[in-house]
Every structure is written in C-alpha cells, then in structure tokens.
Amino acid sequence: MRYRSFCLTLGLCLLTLPLHAFERSWPLEEGVDVVGELSHAEAAYEDTLIDVARRHQVGFEAIQRANPELNTWIPGEGARILLPHKSVLPDARRQGIVVNLPEMRLYYFPQGESRVVSYPVSIGRMDWGTPVGTLDVIEKRENPTWTPPDSVRKAYAERGEELPRVVPPGPDNPMGAYAIRLSRPSYLIHGTNWSTGIGMRSTHGCIRMDNDDIGELYSRVSLGTSVNIVNQPIKVGWREGLLYLEAHPPMEELEDQAQGMDEAVKRVMEAVGERDARVDWQRVRAALNEVTGVPQVVGWEADQPLKTSTSATNTARADPPAADP
C-alpha cells in the first residue's frame, strides 16, 4: 500500500513539473564541445509546432528549421517532431552568460559548477539589432516598469499606436516579471507578456526569455556576471571522437562578415588542429546548405570506425575544397 501511495505521489509530482525541466541542463566535460541529445515528440491533433516548441523549451524558428518538411500550423496528429536539444557550444569562454544571436539561444555557466544551462531567447529585429560584445549584469529588478525610449515610442506612433511614457508592472508590461539590466543600460535580459514569440527576431534589441526561464535565471545570476553576446552562425566541436558542425542562417545585417564555406573551413581546421582526423567536405557543404540548426557529423578521428565514400573524404590537414566565391 505504501509503495502504491509513493508511486502515485511521484507520478503527480512529475506531472506538475515543466515538460522541459529535464532537458535544459547538461554536464560539462573536458575536451567535449557538444552537449545534449536529439529527441522526438509526437504532435496531438490540436498542436501547432509552436505548441510543441513551448512544451519542450525550443524556440520558434529553431523548431521550424529542424522540421522543414512539417507545416508550422498543422503538423498533423501523430507527426514525429524533431526536438533540437543537441548543441555545439559557442566558441567562447565558458563562464557567466553566453548568447549566440544566430541560433537565438542563451547558455548559462553557473559559477563553481561543471554544467551548462540553455534557454531559447528572442533578440532584436534587423532594424533594432542586439549588440555583439561582452557586457556585465549591473542591475536586477523584479516586477519592473518599462520606460520605452523615444525611438520606440516614435516607432509605435508611426503605426498609429500610442505608447505611454511609463508602462507599470502587470500583464500589459512586455518586460514580464523579471529584468536583468546590462552594462549598456538600454539593453536588458527580461521576461515577456507574449511567450509565443520566444525564438524569433522580435524585440527592440533586448534579449527576451520565457517567463519561467527568466525567473530561474534571475534567481541564479548575480551582479557583475559577464554576458558575452556572439555572432556564430557556424559552430564546430568534438564529442567522442566525432566532429560536429552546426549551421544557422546568418544575421542579415552582419552578412558582410565571413560566412559560408570560408567560415566553415576556418572553423573546421581550427577544431582539428593537430589531431589525426579526417573531414568529409561534402557533409560540410550539405550542413551549410540545409541550415537546420541541428549538429551534423562532418569528421572523425582516425581510429573511429565511421565510414564514408572515399571520393568525399580528405584528411583535414590536406588541402580543403575551394571556398565559395
């Protein structure tokens, strides 16, 4: 009887946990650049991809890119939906907060702990871009008011909407219940009153999080925590002798920076270094063309049993293929 009671209590507890509670945190290991695992969810009759994304802590555009064959609004009852919970860590110091703009994802490295916690975020639209660079947390505020800058109020006015000078806390406040101000004071990490939009370019430059996620991050982050905002549409890293490449669409306003095959070759060669490794350049090109945001195996250490066509394979230290013009 006690066993049945315990199981019932445990079951009820598990049902009350957020569905993504088991998927956001992964251990960090020396020499390992890839965290998490891919998984799948089955769509119910009434589901959209956005519904599934919110239940499983995936951003809007991320779940679209990972499932290009599915209709966003009617994936269909029983549709098998890929959840891209596997990530190559950004090429950045693993401390504090790291935000990679092209993938619209925030990585938090808790101080004194060998793990990383990951959250989907929304970032600034093209005309209100989120800045790249290293900032610090300078203020934390619960139930914040929002004082929109004149530029934002003007943009609203041009659409025929009147925006008050100060928006008080509450359900109409787009900052949600928590705000973390950065050392460029007009930029914040904050919650939202529109969780459906997480994982899109939809803000005026701030980094927006789901309310549950920002509540968790807010409770852990201290003043002075570094926030490194990077622009890395192509990420490359190792795990268990395999080389992975993860590709995201580049930021439109930053397309003049090195991208495509040029950037991929550079990052692959840097990752290989002095290893006795082989790279399948056809797989590299395929990952760049598909831009699913899902890590793809593009190389392996020489003692790995992975097989591929000899015509597509070169040692990484041999001449790489000609870069795109």
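For the structure, see preceding data.
Residues numbered from 1 in each chain as written. Predicted model: local features only at pLDDT ≥ 70, side-chain atom pairs only at ≥ 80, totals over all residues. Heavy atoms only, no water.

Asker: Any chance you could explain the overall build of the protein chain here in plain terms?
Answerer: Within the protein chain, the secondary structure is distributed over seven helices and 20 strands. A buried classification covers 48% of the 325 residues belonging to the protein chain. The contacts in the protein chain between residues at least 6 apart in sequence include a share of 69% that link residues at least 24 apart. Per element, the accessible surface of the protein chain, about 16,600 Å² overall, is 51% carbon and sulfur. (Helix = DSSP H or I, 4+ residues; strand = E, 2+ residues; numbered from the N terminus. Buried < 20%, exposed > 50% of the residue type's maximum accessible area, 1.4 Å probe, protein only. Contact = heavy atoms within 4.5 Å. Areas by Shrake-Rupley, 256 points an atom, 1.4 Å probe, with all protein chains shown as cover.)

Asker: Honestly, helix H5 (residues 211-220) in this entry has me stumped. Any pointers?
Answerer: Regarding H5, the residues found buried are Asp213, Ile214, Leu217 and Tyr218. The arc that holds the buried residues of H5, viewed along the axis, is 130 degrees, so those residues lie on one side. Exposed residues pointing more than 90 degrees away from the buried face of H5 are listed as Asp212 and Ser219. Capping the start of H5, Asp210 holds a side-chain oxygen 3.0 Å from the backbone nitrogen of Asp212, two or three residues further along. (Arc of directions from axis to C-beta. Polar contact = N/O pair within 3.5 Å; in protein donor to acceptor, adjacent residues only side chain to side chain.)

Asker: Would you mind showing me how to read helix H7 (residues 281-290) here?
Answerer: An α-helical segment advances 3.6 residues per turn. Residues three or four places apart therefore align on the same side. Restricting attention to buried positions, one finds in H7 the residues Trp281, Val284, Ala287 and Leu288. Burial along H7 is one-sided: seen end-on, the buried residues are contained in an arc of 115 degrees. Capping the start of H7, Asp280 holds a side-chain oxygen 3.1 Å from the backbone nitrogen of Gln282, two or three residues further along.

Asker: How should I be thinking about the pairing of strand S7 (residues 105-109) in this particular structure?
Answerer: Two faces, one strand: in a regular strand the side chains alternate between the faces of the sheet. Counting buried positions along S7 yields five of five residues, so the element is predominantly enclosed. Residues Arg105, Tyr107 and Phe109 point to one face of S7 and Leu106 and Tyr108 to the other, with burial holding for every one of them. Two strands pair when backbone bridges link them, and strand S6 (residues 96-100) and S7 are joined in this way by five bridges, in the antiparallel orientation. If you follow Val98 over to S7, its bridge partner there is Tyr107. (Pairing = 2+ DSSP bridges.)

Asker: Would you mind going over the sheet that holds S7 with me for this structure?
Answerer: Within a sheet, adjacent strands bond to each other through the backbone by hydrogen bonds, running parallel or antiparallel. Taken together, nine strands build an open sheet; the order of strands is S1-S8-S7-S6-S15-S10-S11-S12-S14 and the sheet is mixed. Across the chains shown, the open sheet's two edge strands, defined by having one partner strand only, are strand S1 (25-27) and strand S14 (207-208). Of the pairings in the sheet, the one linking strand S10 (residues 133-142) to strand S15 (residues 226-230) comprises four bridges and is antiparallel in character. Residue pairing in the sheet places Asp136 in a bridge with Ser226 of S15. Across the sheet, H5 touches S6, S7, strand S8 (115-120), S10, strand S11 (178-182) and strand S12 (188-190), and the angle it forms with S11 is around 55 degrees. (Axes fitted to C-alpha atoms, helices over the stretch in contact; angles between N-to-C directions.)

Asker: For this particular structure, what's the right way to read the nonpolar core?
Answerer: The nonpolar side chains of a soluble globular protein tend to be buried, and buried together. Grouped together as the largest cluster of nonpolar side chains are 24 residues, with contacts concentrated most on Ile97, Val99, Leu106, Ile189, Met209 and Leu217. Secondary-structure elements contributing two or more residues to this core are S6, S7, S8, S10, S11, H5 and S15. The greatest single-element share of this core, amounting to three residues, is contributed by H5. Discounting residues that sit within four places of it in the chain, Leu217 has contacts with Ile97, Leu106, Tyr108, Tyr119, Ile180, Ile189 and Met209. (Core = buried A, V, L, I, M, F, W, Y, C linked by side-chain atoms within 4.5 Å.)

Asker: Whenever I open this one, the pattern of salt bridges confuses me. Can you help?
Answerer: Where charged atoms from two side chains of opposite charge approach closely, those side chains can pair. By the definition in use, this model includes 17 salt bridges. Across the salt bridge formed by Asp47 and Arg55, the nearest N and O atoms sit 2.8 Å from each other. Here Arg267 ties to Glu263 by a salt bridge, and the two come within 2.8 Å at their closest N and O atoms. A residue pair is termed a helical-turn pair when its members lie 3 or 4 positions apart in one helix, as Arg267 and Glu263 do in helix H6 (residues 260-272) at four residues. Each of Arg24, Asp213 and Glu216 takes part in salt bridges that share partners, so that together they form one network. (Salt bridge = Lys/Arg side-chain N within 4 Å of Asp/Glu carboxyl O.)

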